[in-house]
Amino acid sequence: MALCFLTAGWKTDGANAVGKSDDGFINGILGVIVDHGLREESNEEAHIVSSRVTEMGIRCEIAKCSWLDGKPKQGHLLEEAREKRYEVFQNVCTKHQIEVLLIAHHADDQAELFILRLSRNSGVLGLAGMAFTSQMFSKSTHLYREGSKNKGILIVRPLLHFSKEILYKICQESGQDWVEDPTNQNTVYARNRIRMSLGNLSSYTFQSELQGVISACRRTRAYVDQICNNLINQAVTIIDHGYAIIDLEILNPSKVTDICLSKFVALILQYVSQRNRPIRGSTSKLLLHYIRTVPCKTSFTAAGCYLCPAPRSRGTKILVCCSVDCPLNSKMELIYPFLNGEQKHYFRNELEQIIADGKSYSNHFVPDASDVHFLDASESVISEAKTLNIISESTYRDILLLKREEIKHFKHKVEDKVDYKSKNKVESIIASPSELLQPGKACYFMNRFWITWKLSNHVSVGEGTENCVADLGGESQECHSCSCRIGHDKVAEVRRMSESDWLYLAKLSKCPSLDNLQQQKVLSSSTMEQISEKRSLHLENLELSAQKALEVLKSIPVAARRSLPVLVNHQGLLLSIPSIGFKHCPCLMVSCEFKPIVPLGGGHSSFM
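Residues numbered from 1 in each chain as written. Predicted model: local features only at pLDDT ≥ 70, side-chain atom pairs only at ≥ 80, totals over all residues. Heavy atoms only, no water.

The chain is annotated in an unreviewed UniProt entry as tRNA(Ile)-lysidine synthetase of Populus trichocarpa. We quote the UniProt Catalytic activity (unreviewed entry) comment for the chain here in full: "cytidine(34) in tRNA(Ile2) + L-lysine + ATP = lysidine(34) in tRNA(Ile2) + AMP + diphosphate + H(+)". (UniProt positions renumbered as here; feature names shortened; annotations may be inferred.)

And the structure:
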């Protein structure tokens, strides 16, 4: 409610004030109320809040969560509710083409997160907490449209410097009522326990010193982010076939601190795998050792990626590509159009300016190495903070006490309950078969390849044969090419390239007449005579396509070839390898664009 009140004032009274629409609402704002549906009274509360927000002049939308697999168990309620809440935010922002989302996280939230992560042994980067700005990239591929750029949704947390007490006063002095969620009082949840414990340590000294540690961690993270960005720009080459090359001579790992090198490697692996899960513990240490070994002579698998010496580099460069052993890396998602024809543009013109201003500010904000702390991981953050006089002895003891209490609760919870059902549920999802791709539709493969295909009714002689008939708009689609493998069902599946595809191309490049395995139907004698006249041209085209594809494949490292997308028909017979230009039939029009959802570096994580 405080955020709504302040935002309404910013939009109507600021330097760039806007007017109101004909229905009396402030232009450029949409309030989103998420009804999780986990309590009986939540629906009534959502409508109460909606009424109050509407009275401020803010257009409002209530989004109700749907729990297809049943409501979450109590032990996982807060985590699953948060996931669902941000999923709802994404859907609403996508529907209205909103690109900036304001969230009311405040200083008390930061303090709770600090203690929570401290009890889970987070390092300085995790203890820096939430950034003022971050980017959320949709897992739902309907965000994408052909030719569009996925800039994600920019999350802005303008209230991070304000305590909850101040936000209460803002509401009280502006006459705004709010709704308290009784779930926040349940001590089953770690955040609630920490919140109550912090409430008992409400002295100004403790609060200010704790925020001082968080600020120091944030400055350190900003410095590390800047170093990583520089290293990425200098030492990393991204190849449009979906893999990366790290130049160890330019990177010079021996000159980079552990914390910066760990973050650098994590960013590369998260980009290549398109998975946002952090790399922690022993895996992070093994990766550090691997990246520091120059020249590189061995291979390594981690976080959905396969690392090995790049070909012809003598170990001075590392190839990073998707691991074929990771089922998640074979995921295919169909692309669906916007369900709502009316598309609003609330913040469309402001996003680029916000990002540009933020980056410009960051150039002045990022400190020098001498002005940041906690880069040396040999000592704990709070111990070093005490040594540097950022916190007093009493604050140090209080933080340690909070940490010990939460560790005790956490260990008890882990020993008491292991969620095996959740693991099995994930495995069953991974094992599900891929969806079929209809002509004219698009899909995302491995969160990086945008693929679409159709049959063309105009094929040049240079590409193959003139005898290719396809009625894309009517009821029939026939391709009378002797090399065509499109069946009557006119669907394709997408999978990763295998060694058999390479061998098949080699066979076609030498003897295309061997490809007589895919007779799709018996033709009339007159049609067969017509096809026979063009048969040699078909086979010549197929042979040429295979030869060109093999030449391109030779330039792609063997490990990276395994993640190239391949189109096959319902019988599993090869239709196309679009990334390298191979297609089995001149009627087949296939497009494959390398367009990863999350950009290298993870977006604008902490530039303000």
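Tell me about the nonpolar core, and please be specific about residues and values.
One finds Phe114, Ile246, Phe264, Ile268, Leu269 and Val320 to be the most contacted residues of the largest nonpolar core, which totals 79 residues. Per element, the largest residue contribution to this core is 12 residues, and it comes from helix α8 (residues 204–235). Every residue in contact with Leu269, bar those within four places of it in the chain, is listed here: Gln274, Ile279, Leu287, Ala302, Ala303, Cys305, Leu307 and Val320. Among the nonpolar cores identified, the runner-up in size contains 26 residues, and Leu319, Ala549, Ala559 and Ile577 belong to it. (Core = buried A, V, L, I, M, F, W, Y, C linked by side-chain atoms within 4.5 Å. Buried < 20%, exposed > 50% of the residue type's maximum accessible area, 1.4 Å probe, protein only. Helix = DSSP H or I, 4+ residues; strand = E, 2+ residues; numbered from the N terminus. Contact = heavy atoms within 4.5 Å.)

Describe the packing of helix α1 (residues 2–13) against helix α6 (residues 164–173), naming the residues involved and giving the relevant values.
Packing of α1 against α6 brings their axes to within 9 Å, and their N-to-C directions diverge by 65 degrees. The handedness of the crossing between α1 and α6 is left-handed. Where α1 abuts α6, its residues Ala2, Phe5 and Leu6 lie against Leu167, Ile170 and Cys171. Here the residues of the contact of α1 with α6 sort into 6 nonpolar, no polar and no charged. (Axes fitted to C-alpha atoms, helices over the stretch in contact; angles between N-to-C directions. Left-handed = near helix turned anticlockwise from the far one by under 90°. Nonpolar A, V, L, I, M, F, W, Y, C, P; charged D, E, K, R; others polar.)

Which residues make up the pairing of strand β14 (residues 493–496), and what values do they have?
Because side chains alternate across β14, one face comprises the buried residues Val494 and Arg496, and the other comprises Glu493 and Arg495, none of which is buried. Of the pairings in the sheet, the one linking β14 to strand β15 (residues 565–568) comprises 4 bridges and is antiparallel in character. Bridging from a neighbouring strand, Arg496 pairs with Pro565 of β15. (Pairing = 2+ DSSP bridges.)

Explain the packing of aromatic side chains to me, and be specific about the residues and the numbers.
Within this structure, the stated rule accounts for 5 aromatic pairs. Between Tyr444 and Trp450 the ring centres are 6.0 Å apart and the planes differ by 90 degrees, which places this aromatic pair in the edge-to-face class. Taking relative accessible area as the criterion, Trp450 reaches 3% and is therefore assigned buried. With a centroid separation of 5.9 Å and 55 degrees between ring planes, the pair formed by Phe449 and Phe594 is classed as tilted. (Phe/Tyr/Trp six-rings, centres within 6.5 Å; stacked < 30°, edge-to-face > 60°.)

Now, about α6: what can you tell me, with residues and values included?
Given 3.6 residues per turn, any residue in an α-helix points the same way as the ones three and four places further on. Taken as a whole, α6 has its buried residues at Leu167, Ile170 and Cys171. The buried side chains of α6 occupy one side of the element, clustering within an arc of 95 degrees when seen end-on. α6 presents Gln172 and Glu173 as exposed residues on the side facing more than 90 degrees away from its buried surface. Against the buried residues of α6 lie α1. Just beyond α6, the residue with positive phi is Gly175, at close to 75 degrees. (Arc of directions from axis to C-beta.)

Which residues make up the environment of Val494, and what values do they have?
Within the fold, Val494 resides in strand β14. Residue class for Val494 comes out buried when judged on its relative accessible area of 4%. With 70 residues separating them along the chain, Val494 and Leu564 place their C-alpha atoms 10.0 Å apart.

Can you lay out the sheet that holds strand β6 (residues 236–239) for me, pointing to particular residues and giving the numbers?
The strand order β6-β7-β10-β9-β8 describes an open sheet built from 5 strands, whose pairing is antiparallel. With partners counted over all chains shown, the strands left at the sheet margins are β6 and β8 (300–302), one partner each. Between one strand axis and the next, the sheet turns by 20 degrees as a mean value, whatever way the strands run. Relative to strand β9 (residues 305–309), β8 is paired through 3 bridges, and the arrangement is antiparallel. Across the sheet, the residue bridging to Thr301 is Tyr306, located in β9. Packing of α8 onto the sheet brings it into contact with β6 and β7 (243–247), and relative to β6 it is tilted by some 65 degrees.

A description of the packing of helix α10 (residues 258–273) against helix α11 (residues 281–292) should follow, citing residues and the corresponding values.
At a closest axis distance of 10 Å, the pairing of α10 and α11 adopts a crossing angle of 95 degrees. Taken together, the axes of α10 and α11 are roughly perpendicular relative to one another. Residues Asp258, Leu261, Ser262, Val265 and Leu269 of α10 form the contact with α11, whose participating residues are Ser284, Leu287, Leu288, Ile291 and Arg292. Grouping the constituent residues of the contact of α10 with α11 by class yields 6 nonpolar, 2 polar and 2 charged. (Parallel < 35°, antiparallel > 145°, perpendicular 65-115°, else oblique.)

Could you give an account of the pattern of salt bridges, naming the residues involved and the relevant values?
Applying the stated rule across the entire model yields 17 salt bridges. Between Glu45 and Arg39 there is a salt bridge whose closest N-O contact spans 2.8 Å. By relative accessible area, Glu45 is classed as buried at 18%. Overlapping salt bridges bring together Arg39, Glu41, Glu45 and Asp181 as one network. (Salt bridge = Lys/Arg side-chain N within 4 Å of Asp/Glu carboxyl O.)

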